[in-house]
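Descriptive structure summary
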Amino acid sequence: MESEVLFDLANIPADPPKMRSICNKCERPSRVCWCGALPDPPLSPRNKIIILQHPAEEKRSLRTAPILHLGLKEGSCLIFKGKHFPGRNHELEALLQQPNTLLLYPSPKSIDLREIQSKHIDCNFNLVLLDGTWPQAKAMYSGNSILHGIQQIKLVINGPSNYIIRTQPTEGCFSTLETAAEALSILEGDNVYREKLITPLKSLCDYQLQNGAVSHESKEFRIKNNTYPKLVGKRLNKVLKSAEILQPS
Ligand SMILES: [Zn+2]
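These figures come from a predicted structure and were not determined experimentally.

Re the sheet that holds strand E4 (residues 111-112)
If you walk across this open sheet you meet the six strands as E2-E1-E5-E3-E6-E4, and the pairing is parallel. If you trace the sheet from one side to the other, it starts and ends with strand E2 (77-81) and E4, each paired once. For strand E1 (residues 48-53) and E2, the ladder comprises five bridges, and the chain directions are parallel. Looking at the pairing, isoleucine 51 lines up with isoleucine 79 of E2. Of the strands in this sheet, E1, strand E3 (101-104), strand E5 (126-131) and strand E6 (151-154) touch helix H6 (residues 134-143), which is tilted by about 120° from E5. Across the face of the sheet, helix H7 (residues 176-188) comes into contact with E1, E3 and E5 while running at roughly 165° to E5.

Put into structure tokens, the structure is as follows:
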């Protein structure tokens, strides 16, 4: 009996187990929760955002689509996860077939969103965004024929992205959140989307940078400034080196 009590006592942990508190709204650890920076009340656009999210995107720790989902009123930002669309989702199938649906996809066929907006001021659009890296987005496009019939649009944005944690492939390459915020500001004719939806992202980036994340400039910036490591490939480097050796001094 006594030994049992001693056994129990010996097995009481010296410190209570550490519970990681998770925000039940954004589902992130409380110390990196950005909910306090969300627009309150959520913004209510007339236009709708439809995000088709690549499965790999959901696993990233710095994904931005949830900020958009929580920053807009219910039903204004719909997120569909997967690689094959519409799948068995009839709501999505109907949305993708509506004539007022636009696909943000830069290609020779795509039209500047500002041009569309200026011609159809009273129209409400469904704006489809492919959420993933550029190769993932390209694969999603080519693998889903329902997307091929949708009017393709592009955004012309100036200035570097706020989202500087991930290396951006080129200047003007924006996160899904920034792209959607910019597009909504154009379609709604209201800067509030551009300003307020980005605030949680800024606070997230500030936190990450303060805690040791490296700020990555875009490849384009690094190539221009000769700091991009893959600027000269191995083979070319060899050729250059042998040329140096062969050069008469
Ligand atoms: Zn939160």
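Overview of the coordination of the zinc ion
Only Cys23 (SG), Cys26 (SG), Cys33 (SG) and Cys35 (SG) from the protein coordinate the zinc ion, and they sit 2.3 to 2.4 Å from it. Here the zinc ion is ringed by four donor atoms whose angles at the metal span 105 to 114°, and the overall shape comes out tetrahedral. A residue is classified by how much of its surface remains accessible, and cysteine 33, at 28% relative accessible area, is partly exposed.

Some remarks on the nonpolar core
Core analysis: the biggest nonpolar cluster contains 36 residues, and Trp34, Ile49, Leu68, Leu72, Leu113, Leu127 and Leu197 have the highest contact counts within it. Of all the secondary structure elements, the ones that give two or more residues to this core are E1, helix H3 (65-71), E3, helix H5 (113-119), E5, H7 and helix H9 (199-210). The dominant element in this core, judged by the number of residues it contributes, is H7, at seven residues. Residues within four places of leucine 68 in sequence aside, it is in contact with Ile49, Ile51, Cys77, Leu177, Ala180 and Leu197. Grouped together as the second largest cluster of nonpolar side chains are 18 residues, Phe80, Tyr105, Ala137 and Met140 included.

Scoring rules and cut-offs
- Residues numbered from 1 in each chain as written.
- Predicted model: local features only at pLDDT ≥ 70, side-chain atom pairs only at ≥ 80, totals over all residues.
- Heavy atoms only, no water.
- Pairing = 2+ DSSP bridges.
- Helix = DSSP H or I, 4+ residues; strand = E, 2+ residues; numbered from the N terminus.
- Contact = heavy atoms within 4.5 Å.
- Axes fitted to C-alpha atoms, helices over the stretch in contact; angles between N-to-C directions.
- Donors = N, O, S within 2.8 Å, 3.2 Å for Na, K, Ca; no water.
- Tetrahedral: all angles 85-135°; square planar, octahedral: opposite > 155°, others 65-115°.
- Buried < 20%, exposed > 50% of the residue type's maximum accessible area, 1.4 Å probe, protein only.
- Core = buried A, V, L, I, M, F, W, Y, C linked by side-chain atoms within 4.5 Å.

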